[in-house]
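If you want the building blocks of each chain, they are given just below.
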Amino acid sequence: MAAYSDHNNYFVREIEKHDGSVLKVNQCHMGDVGCVVWDAAIVLAKYLETKLFHDPSLGVNLWAGRRVVELGAGTGVVGLMAATLGAHVSVTDLEDLQSLLNINIQDNHTLIHNGSITAKVLKWGEDVSDFLPFPDYVLLADCIYYEQSIAPLTETLKQLAGPETCIICCYEQRTEGINPKVERQFFELLQQSFHWEEIPLSKQDQEFSSPDIHILHIQKNQRL
Ligand SMILES: C[S@@+](CC[C@H](N)C(=O)[O-])C[C@H]1O[C@@H](n2cnc3c(N)ncnc32)[C@H](O)[C@@H]1O
């Protein structure tokens, strides 16, 4: 799509990492919801860098060598952060977002040393065999917003998550219009196959967090 492949249409969001390096994420002036960085994506990207996962002073890095799939990646900022921390990442979204994802991968490749990142099409509800065996982590930021996509999104989570997969879901709680209903529907469907724990603000990045943006760790229920 022209809007996502012409460099003149971009404006850049810079996200500074703890090591002082800077992710440069291209966004588009015009386009669908995926072509800008949403607040939940920044909160999740910065959460991936917290000491829970990554503490160089103790030699801890839970991202090193892990297989990660990001759903509804948009600009790809969350997956890019994981790749710079050493994970092997597939950033996925609809066909229209692939050129923007690839430009962001290209513009940040010098920050990726031991990890890797590839952009791929994954439409929720469709075949996930390209992403198996089960990844270690599935990441999603601001993907609970569209009534028609709730059932296919939940189906994709079911197909993609194995017993050991940790799904990290970050979403902004919105009170207007249909948003509360969409959220309720998502969690009703989710609880049929998954359980979750909410990460308190005290364990999130101290600067990039907000009471209306929630982070959940979600795991598949074990069959009895
Ligand atoms: C609100 S945007 C969030 C983008 C990015 N995660 C962020 O937070 O900046 C929602 C994303 O979900 C993607 N999306 C919506 N419906 C989808 C579907 N059926 N299959 C795959 N991706 C979808 C959109 O293309 C968009 O990139």
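Whatever comes next refers back to the structure up there.
Below is a summary of the structure that appears in this document. Bear in mind the structure is a predicted one, so any value in this text is a computation, not a measurement. (Residues numbered from 1 in each chain as written. Predicted model: local features only at pLDDT ≥ 70, side-chain atom pairs only at ≥ 80, totals over all residues. Heavy atoms only, no water.)

**Looking at the overall build of the chain**
At step 1: From N to C terminus, the chain includes 6 helices and 11 strands.
At step 2: Here the chain, with 224 residues, has 50% of them falling under the buried criterion.
At step 3: For the chain, the proportion of contacts with a sequence separation of at least 24, taken over those separated by at least 6, is 70%.
At step 4: In the form shown here, the chain has an accessible surface area of approximately 10,900 Å², with 50% of it arising from carbon and sulfur atoms.
At step 5: For the chain, the distance from the average position of its 16 positive side-chain charges to the average position of its 30 negative side-chain charges is 5 Å. (Helix = DSSP H or I, 4+ residues; strand = E, 2+ residues; numbered from the N terminus. Buried < 20%, exposed > 50% of the residue type's maximum accessible area, 1.4 Å probe, protein only. Contact = heavy atoms within 4.5 Å. Areas by Shrake-Rupley, 256 points an atom, 1.4 Å probe, with all protein chains shown as cover. Lys, Arg positive; Asp, Glu negative; His and termini not counted. Charge placed at Lys NZ, Arg CZ, Asp CG, Glu CD.)

**Describing the pattern of salt bridges**
At step 1: Scanning the entire structure with this criterion turns up 6 salt bridges.
At step 2: Taking the shortest distance from any N to any O, the salt bridge between lysine 181 and glutamate 147 comes out at 3.1 Å. Residue lysine 181 is found in helix H6 (residues 179-190), and its partner glutamate 147 is found in the loop between strand E8 (137-141) and helix H5 (150-160); the two are separated by 34 residues along the sequence.
At step 3: A salt bridge links arginine 174 to glutamate 172, with the shortest nitrogen-to-oxygen separation between them at 3.6 Å.
At step 4: Overall, the relative accessible area of 15% leaves arginine 174 in the buried class.
At step 5: One salt-bridge network, held together by shared partners, links Asp142, Glu172 and Arg174. (Salt bridge = Lys/Arg side-chain N within 4 Å of Asp/Glu carboxyl O.)

**As for the site of the ligand**
At step 1: If you check the shell around the ligand, you find 18 residues, and the closest are Trp38, Gly72, Asp93, Trp124 and Ala141.
At step 2: Judged by its atoms lying within 2 Å of the grid points, the ligand is housed in the largest pocket.
At step 3: Classifying every residue of the shell around the ligand by side-chain character gives 12 nonpolar, 3 polar and 3 charged. (Near = heavy atom within 4 Å. 1 Å grid on protein atoms, 1.4 Å probe; cavity = no way out; pocket = protein on both sides within 12 Å on 5 of 7 lines; lining within 4 Å. Sits in = over half its atoms within 2 Å of the grid points. Nonpolar A, V, L, I, M, F, W, Y, C, P; charged D, E, K, R; others polar.)

**Topic: the packing of aromatic side chains**
How two aromatic rings sit relative to each other is set out by the distance from centre to centre and by the angle between their planes.
At step 1: Taken as a whole and assessed by the stated rule, the structure comprises 8 aromatic pairs.
At step 2: Plain terms: the ring middles of tryptophan 63 and tyrosine 137 are 4.5 Å apart, the flat faces sit at 50° to each other, and that makes the pair tilted. One end of the pair, tryptophan 63, is in the loop between strand E4 (60-61) and strand E5 (67-71); the other, tyrosine 137, is in strand E8, with 74 residues separating them in the sequence.
At step 3: For tryptophan 63, a relative accessible area of 0% gives the class buried. (Phe/Tyr/Trp six-rings, centres within 6.5 Å; stacked < 30°, edge-to-face > 60°.)

**Regarding the state of the cysteines**
At step 1: Counted by the stated rule, this structure contains 0 disulfides.
At step 2: Left unpaired, cysteine 35 is separated from the closest cysteine sulfur, that of cysteine 28, by 4.5 Å.
At step 3: Cysteine 35 gets classed as buried once you look at its relative accessible area, which sits at 3%.
At step 4: Considering cysteine sulfurs only, cysteine 169 is the nearest to cysteine 143, which forms no disulfide, with 7.6 Å between them.
At step 5: Note on cysteine 143: relative accessible area 3%, which makes it buried. (Disulfide = S-S within 2.5 Å.)

**Section: the environment of leucine 132**
At step 1: For leucine 132, the position within the fold is in the loop between strand E7 (116-121) and E8.
At step 2: Residues leucine 132 and alanine 161 lie 29 residues apart in sequence; the distance between their C-alpha atoms is 9.3 Å.

**Some thoughts on the packing of helix H2 (residues 39-48) against helix H3 (residues 77-84)**
Helix packing for two helices is described by the angle between their axes and how far apart those axes are.
At step 1: The interhelical angle for the contact between H2 and H3, taken along N-to-C directions, is 10°, at an axis separation of 8 Å. Here H2 lies roughly parallel to H3, going by the angle between them. Only Val77, Val78, Met81 and Ala82 of H3 make contact with H2, whose side of the interface consists of Ala41, Leu44, Ala45, Lys46 and Leu48.
At step 2: The residue inventory of the contact of H2 with H3, partitioned by class, reads 8 nonpolar, no polar and 1 charged. (Axes fitted to C-alpha atoms, helices over the stretch in contact; angles between N-to-C directions. Parallel < 35°, antiparallel > 145°, perpendicular 65-115°, else oblique.)

Don't take any of this as a statement about function, it's just geometry.
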